[in-house]
Amino acid sequence: MRSIVAITLLTALLSSEANAATRRRAASAPVDPDAITISFTPTDGIRTMTWTALDVGTLARRERARGARVVRNVAVGVDRVSGVTGGTATLRAHLQFSDGRAIVRIDGITLGAAQIVIDPHAPIGSAIVHHIEIEVPASVPAGEVASAIRWEVSTN
Amino acid sequence: MKKMMMGGLVLVALVGTNAAQAATSSGTLTVTGTVESSISLTVESAGGTTSGTGTAAATSALGSISKYGSAPTGFTLAKGASDWTLSSTVGVNVEKANLTSTDYTLTAQLGSAPATGIVWKLNGSTLSDSAATTLTSTGTYASTGSYSWDIVVADSAAAAAIDNAINFTATSN
């Protein structure tokens, strides 16, 4: 019985402490300093790109054994809001949207609807270049292609 | 005593849960592009000592040729009354990508005017450097077409190099 009281008390204390911490954060800093952000930066001759859009331009088949293919390099940065560096995060990606006309690969890994790990140890505070490859099979008629890559990063 | 240890373990577990909360962030990168239709032409085979087959720029070396000598590799030699003919074939493959076309037209044209007394033929048609000759207007994609290739040399032709180029052009129908 004594132990049950002890557990209850500890839980209550922890809960109370956690709530207090939450209140302190809410009062003094609206943004969680441990929060992290993800950003995208082009590193090669990309025609147009904002932080969320990458237009790879025109694709035409150049190699006999493959379809139309283009590779673009994008630096994916993981940073803490506080600016503190150090530590690592796991970078995952999946296709949030695909018109079904193109195969999308990151660093040679084909993306699908399910999340996959792109980098299990992405350093926080720096950007790592990843190769985004778009391949359109020869059987696909000419025209626009569009896909949306959803990236997620979480601290390890 | 056992019960007290249990309480201690619960505490550790609770603290651990709080500390293990991972910070996460996510973003979406939209990728767009435009696919263009394309076709490719490759010379797959030819008489003579060839190089570059399987590409769009093949070379065939016949070496020294004469009416009363041996035929070059991959050629046959036929002697006529006033001329002689070297005969072989040229294999041309055309592939398509991102294109709905079902067939293509293939033409050939000499890169330069042939030497006097020399006639170049493909599929029985005489080639020139001034106009393209149609070899087929219903070429099948991804299937190597074989075209007869003749070089007719008049007995009166000067002994000299007969070098030339055959430029193939495929156009999707």
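For the structure, see preceding data.
In every chain, residue numbers begin from 1 and rise along the written sequence. By the order in which they are written, chains take letters starting at A while ligands take numbers starting at 1. Owing to the predicted nature of the model, reporting of local features is limited to residues with pLDDT of at least 70; listing and counting of side-chain atom pairs is limited to 80 or more, with chain, interface and lining totals taken over all residues.

Colleague: Help me out: how do you make sense of the overall build of chain B in this one?
Modeller: Numbering of helices and strands runs from the N terminus; a helix is a DSSP stretch of H or I covering at least four residues, while a strand is a stretch of E covering at least two. Helix and strand content of chain B: 1 helix and 12 strands. Here the C-beta atoms are placed from the backbone, and a residue counts as buried if at least 20 other C-beta atoms lie within 10 Å of its own, exposed if 12 or fewer do, and partly exposed otherwise. When each of the 173 residues of chain B is scored for burial, the buried share is 21%. Any residue pair is listed as a contact if its two C-beta atoms, each placed from the backbone, are within 7 Å. A sequence separation of at least 24 residues applies to 67% of the contacts in chain B between residues at least 6 apart.

Colleague: Can you help me understand unusual backbone geometry in this one?
Modeller: Phi is positive for Asp107 of chain A, which is not a glycine, with a value near 50 degrees. For Asp107 of chain A, the location among the structural elements is in the loop between strand E6 (103-106) and strand E7 (109-110). The backbone of Asn98 of chain B shows a phi angle near 55 degrees, a positive value even though the residue is not glycine. Within the secondary structure, Asn98 of chain B is located in the loop between strand E6 (83-97) and strand E7 (103-110). When the 23 C-beta atoms within 10 Å are taken as the criterion, Asn98 of chain B is described as buried.

Colleague: Could you clarify how one ought to interpret the sheet that holds E6 of chain A in this entry?
Modeller: Backbone-to-backbone hydrogen bonds pair the strands of a sheet. The strands run either parallel or antiparallel. Residues and elements named next belong to chain A. Overall, antiparallel pairing links the 5 strands, which are arranged E1-E4-E9-E6-E7 in an open sheet. Lying at the two open borders of the sheet, with one neighbouring strand each, are strand E1 (36-42) and E7. Criterion used throughout: strands pair if DSSP finds at least two bridges between them. Strand direction decides the pairing type here: E6 and strand E9 (residues 126-136), joined by 4 bridges, are antiparallel. In the strand pairing of E9, Ile103 is matched with Glu135.

Colleague: Hey, could you run me through the interface of chain A and chain B in this one?
Modeller: Interfaces are often sized by the accessible area lost when the parts come together. Facing 49 residues of chain A, the contacting portion of chain B comprises 31 residues. Among the secondary structure elements, those contributing two or more residues to the side of chain A that touches chain B are helix H1 (2-28), E1, strand E3 (53-59), strand E4 (68-80), E9 and strand E10 (143-155) of chain A. The biggest single contributor to the side of chain A that touches chain B is E10 of chain A, with 13 residues. For the side of chain A that touches chain B, a count of residues per class yields 30 nonpolar, 12 polar and 7 charged. Strand direction decides the pairing type here: E10 of chain A and strand E1 (residues 24-35) of chain B, joined by 12 bridges, are antiparallel. Asp, Glu, Lys and Arg are counted as charged, while Ala, Val, Leu, Ile, Met, Phe, Trp, Tyr, Cys and Pro are counted as nonpolar; the rest, among them Gly, fall into the polar class.

Colleague: Just checking my understanding: could you explain the environment of Val129 of chain A for this structure?
Modeller: Residues and elements named next belong to chain A. Take Val129: it is sitting in strand E9. The spatial distance from the C-alpha of Val129 to the C-alpha of Asn73 is 6.2 Å, given a sequence separation of 56 residues. Excluding anything up to four places from it in sequence, Val129 contacts Thr43, Asn73 and Ala75.

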